[in-house]
Amino acid sequence: MSSAEFHQVQFTWPHLEPSTVIVTGTFDKWSSSIYLTRTSTGFEGTTSIPWGEKIKFKFVVDGQWIVHEDQPTEVDPGGFVNNVYTAPLKSTSPIETPPTTTAKPTVEDVVPVTNGHTAHGHDVPEIAAVSEKSTADSAVEQGKPASNDLANTIA
């Protein structure tokens, strides 16, 4: 199975006194395979389980099998109390990224404005800027500095 088919489970033991803390459970067939790392707040470690899977586990603290008192527990068919955790279901919806756009005027953005001149008996339209950003982009493309007002609004 690929890593995308697994959910990362974080285990923490919030006590500094122990020398060693191991977590074991149905995810490793109770083989005591996950040694937790000491941190400034206790011990922690991770393992991967399939999405949607329910696991049972215990901590082995300095050789003693213990449940974490602040996490859910249940009694197994043999009468043993274990901590339990159920991984969330894998999301099937793709992550959508918003489209990227640049503010350059298109033909639809051009607003004709009559400038009072006539050519062959018709008014000659003048192209008005749609926005300051479009005007600044145009000025920069022509090698001219952009307006200070625009620079102040973007920063």
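Look up a bit, the structure's there.
So, a few notes on the structure that sits alongside this text. (Residues numbered from 1 in each chain as written. Predicted model: local features only at pLDDT ≥ 70, side-chain atom pairs only at ≥ 80, totals over all residues. Heavy atoms only, no water.)

### Quick notes on the pairing of strand β2 (residues 21-25)
Successive side chains on a regular strand alternate, one facing one side of the sheet and the next facing the other. Short version of the rule: Burial classes follow relative accessibility: with a 1.4 Å probe on protein chains only, a residue under 20% of its type's maximum area counts as buried, one over 50% as exposed, and anything between as partly exposed. Numbering of helices and strands runs from the N terminus; a helix is a DSSP stretch of H or I covering at least four residues, while a strand is a stretch of E covering at least two. Strand pairing is assigned whenever DSSP detects at least two bridges linking the two strands.
Of all five residues making up β2, five are buried, and the element is well covered by its neighbours. Note that β2 and strand β6 (residues 54-61) share five bridges and pair antiparallel. The residue bridging Val 23 from the neighbouring strand is Phe 59, located in β6. Of the pairings in the sheet, the one linking β2 to strand β3 (residues 34-35) comprises two bridges and is antiparallel in character. Pairing of Ile 22 across the sheet is with Tyr 35, part of β3.

### Brief notes about the pairing of strand β5 (residues 42-50)
With eight bridges joining them, strand β1 (residues 6-13) and β5 adopt antiparallel strand pairing. Residue His 7 lies in a different strand from β5, and its bridge partner there is Ile 49. The pairing of strand β4 (residues 37-39) with β5 spans three bridges and is antiparallel. Its bridge partner being in β5, Thr 37 is matched across the sheet by Glu 44. The turn linking β4 back onto β5 is made up of two residues.

### Concerning unusual backbone geometry
Even without glycine at this site, Lys 29 takes up a positive phi of about 60 degrees. Relative to the assigned elements, Lys 29 resides in the loop between β2 and β3. Of the residues examined, Lys 29 reaches a relative accessible area of 75% and is grouped as exposed. Even without glycine at this site, Asp 62 takes up a positive phi of about 50 degrees. Along the chain, the position of Asp 62 falls in the loop between β6 and β7 (64-66).

### Some details on the pattern of salt bridges
Going by this rule: The salt bridge definition used is simple: a Lys or Arg side-chain nitrogen within 4 Å of an Asp or Glu carboxyl oxygen.
Overall, the coordinates contain two salt bridges when judged by the stated rule. Glu 74 serves as the salt-bridge partner of Lys 54, at 2.8 Å between the closest nitrogen and oxygen. Residue Lys 54 is located in strand β6, and its partner Glu 74 is located in strand β8 (residues 73-75); the two are separated by 20 residues in the primary sequence. On the basis of relative accessible area, Glu 74 is assigned to the partly exposed category, the value being 24%. The salt bridge partner of Glu 74 is Lys 56, with a shortest N-O separation of 4.0 Å. Within this pair, whereas Glu 74 is found in strand β8, its partner Lys 56 is found in strand β6, the two being separated by 18 residues in sequence. Salt bridges sharing common partners tie together Lys 54, Lys 56 and Glu 74.

### So, the side chain of Asn 83
Rules: Polar contacts, as counted here, are pairs of nitrogen or oxygen atoms within 3.5 Å of one another; within protein the pair requires one atom able to donate a hydrogen and one able to accept it, and residues that are adjacent in sequence qualify only if both atoms are side-chain atoms. The criterion used for residue contact is that any of the two residues' heavy atoms lie within 4.5 Å.
Of note, Asn 83 is situated in strand β9 (residues 81-86). Residue Asn 83 is classed as buried on the basis of its relative accessible area, which comes to 0%. In terms of polar contacts, Asn 83 uses its side chain to reach the backbone amide nitrogen of His 68, at 2.7 Å. Engagement of the side chain of Asn 83 in a polar contact is seen with the backbone oxygen of Pro 72, the distance being 3.3 Å. With residues near it in sequence (within four places) discarded, Asn 83 still touches Ile 55, Lys 56, Phe 57, Phe 59, Val 67, His 68, Gln 71, Pro 72 and Thr 73.

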